[in-house]
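Structural overview
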Amino acid sequence: MKYVSTRGQAPELGFEGAMLAGLARDGGLYVPAVVPQMSQADIAALAGLSYEQAAFRVMRPFVDLPDDVFEGLIAKAYAGFGHSARAPLVQLDSGHFLLELFHGPTLAFKDFAMQLIGQLFQEAMARKGERITIVGATSGDTGSAAIEAFRGLDAVDVFILFPHGRVSEVQRRQMTTPTEANVHALAMDGDFDDCQAAVKAMFNDFAFRDAVGLTAINSINWARVLAQVVYFFTAAVALGAPHRSVSFTVPTGNFGDIFAGYIARSMGLPIERLVVATNRNDILHRTLATGEHRKEGVSPTISPSMDIQVSSNFERALFDAYGRDGGAVRQLMAELGQGGFTVSQGALQALRETFASGRASEEETSATIRAIQAATGEVLCPHSAVGVKVAREHMHRPTPMITLATAHPAKFPDAVEAATGQRPPLPIRMADLYDRPERMTRVANDLGQIQTLMRERTRQ
Ligand SMILES: *Cc1c(COP(=O)(O)O)cnc(C)c1O
């Protein structure tokens with residue numbers, strides 16, 4: 001399987017090359033040169049399989065590994081989940097289902113991708129006998145999921161930049177309490193976009209990138225998107241695909257999770273609509289509504305993992321919407337650097353054939369947590385509540401709607417307690433999180449200083 005860059009000027013790579021590169025050398029993101037198709041019969045045959053078996057069948061055409069090796073990595077990736085179905089589906093209301101993606105080791109959907117990527121990197125590095133440095137910017141959940149996936153691996157250092165004071169206490173503790181020496185939690189003065197900008201700048205510094213063997217595990221990494229494609233299949237098949245279409249609503253920040261849904265749809269899964277749900281940081285909702293893609297300041301919300309103004313993976317959707325014209329994408333991204341761009345009529349129409357969108361205010365998010373608990377007993381995290389609120393506005397019977405529940409409520413206890421009056425408990429396997437000592441390094445929003453620190457810590 002070959003992968004091409006959305007900006008058209010980087011070399012084509014195989015699966016492992018694209019995974020290890022993260023960002024392409026032309027600043028673009030890797031996407032499959034041709035998306036493999038699953039026939040109706042292939043999709044129907046997923047019914048009744050375990051999550052791991054379905055994962056193997058869905059991902060295999062994208063990956064260049066021997067079958068038995070890949071199967072072994074998938075088995076290890078999901079062994080640490082706290083639910084045997086991995087991604088169980090629960091019903092909220094007639095025609096409305098919740099896909100619980102929070103049973104992994106850090107209680108958010110990012111574990112699905114990160115646990116697999118940890119296994120894939122370990123396998124690749126062991127085979128090559130090399131060392132790498134993983135770097136990621138996080139608004140909370142990516143970082144903890146990455147640290148959990150890479151802690152203790154001897155060929156890997158993992159550096160996570162998070163905005164100081166802007167992640168929840170559970171998220172911070174999940175990043176700062178692992179004791180392994182290869183884990184480096186960096187609390188940066190700034191917001192998530194500043195962290196993300198610092199990571200992007202490191203990748204554009206080729207000398208630094210090569211010196212420390214830099215690799216990204218942010219949602220721009222193709223392997224992460226791929227791992228997330230699987231649960232769109234398992235959920236849709238559980239509700240009758242390929243014989244019946246379904247729609248999904250996805251609480252969206254960096255557009256990684258919903259782009260995985262778009263890939264599932266491109267592979268042949270009958271998805272009627274993919275609904276982008278945003279909080280008041282609504283650049284994607286505004287773009288789909290008006291065609292104007294303009295940055296605004298980030299405004300902190302009770303769903304912090306969606307507090308972004310630049311949605312990196314949206315570039316992948318634009319690449320397809322512009323007929324896979326890397327030159328056009330380069331032009332748009334240059335304009336975005338100056339503040340924003342207008343999506344062409346043709347591209348906007350193409351996007352609207354797949355995507356719909358909506359947003360939830362802070363009050364609506366809280367009210368949804370309260371209402372769903374009262375009606376069903378299910379306690380939503382604030383991100384999932386944004387999804388449920390928007391999903392309810394996009395139901396078109398008889399097509400079932402599946403809303404992705406992206407985190408466990410105990411990851412955001414303050415927001416949940418404010419909404420319901422009850423503090424959601426951590427699952428028993430994590431109950432001592434508040435007692436473990438923390439370890440982190442404060443850094444300024446200063447690329448040179450961060451690079452110096454990374455050079456020092458990787459030069460053992
Ligand atoms: C990361 C995250 C999101 C946003 O996902 P993207 O792939 O960035 O769109 C939503 N909810 C939670 C809990 C997250 O951790």
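Residues numbered from 1 in each chain as written. Predicted model: local features only at pLDDT ≥ 70, side-chain atom pairs only at ≥ 80, totals over all residues. Heavy atoms only, no water.

Scanning the protein from terminus to terminus reveals 19 helices and 15 strands. For a compact globule of 460 residues, the expected C-alpha radius of gyration is about 23 Å, and the protein comes in at 20 Å, within 12% of that figure. C-alpha atoms of the protein, sized along the principal axes, occupy 60 × 50 × 50 Å. Buried positions account for 63% of the 460 residues belonging to the protein. When the accessible surface of the protein is totalled, it reaches about 16300 Å², and 49% of it is carbon and sulfur. A gap of 1 Å separates the mean positions of the 43 positive and 49 negative side-chain charges of the protein. (Helix = DSSP H or I, 4+ residues; strand = E, 2+ residues; numbered from the N terminus. Rg over C-alpha atoms; globule rule 2.2 N^0.38 Å. Buried < 20%, exposed > 50% of the residue type's maximum accessible area, 1.4 Å probe, protein only. Areas by Shrake-Rupley, 256 points an atom, 1.4 Å probe, with all protein chains shown as cover. Lys, Arg positive; Asp, Glu negative; His and termini not counted. Charge placed at Lys NZ, Arg CZ, Asp CG, Glu CD.)

Turning next to helix α12 (residues 283-290). The periodicity of an α-helix, 3.6 residues per turn, causes residues three or four positions apart to be oriented the same way. Among the 8 residues that make up α12, 6 are buried, leaving the element largely enclosed by the rest of the structure. Here α12 has its buried residues at I283, L284, H285, R286, T287 and L288. Those residues of α12 hidden inside the fold are in contact with β10 (271-278), β11 (292-294), α13 (314-321), α15 (345-354) and β13 (355-359). Count one or two residues on from α12 and you reach G291, which has phi positive near 85°. (Contact = heavy atoms within 4.5 Å.)

Turning our eyes to something else, we now look at unusual backbone geometry. A cis amide bond, omega 5°, links A241 with the succeeding residue P242. Its location among the elements puts P242 in the loop between α10 (222-238) and β9 (246-251). A positive phi angle, near 65°, is found at R86, a position not held by glycine. Here R86 lies in the loop between α4 (67-78) and β3 (89-93). The class of R86 is buried, set by a relative accessible area of 14%.

Here the structure, examined in full by the defined rule, presents 25 salt bridges. In this structure, the salt-bridge partner of E123 is R127, at a minimum N-O distance of 2.8 Å. Here E123 and its partner R127 are both found in helix α5 (residues 110-128), 4 residues apart, which amounts to about one turn of the helix. Between R173 and E169 there is a salt bridge; the shortest N-O distance is 3.0 Å. Separated by 4 residues within a single helix, R173 and E169 lie in helix α7 (residues 169-176), roughly one turn from each other. Each of E16, E123, R127 and K128 takes part in one network of salt bridges that share partners. (Salt bridge = Lys/Arg side-chain N within 4 Å of Asp/Glu carboxyl O.)

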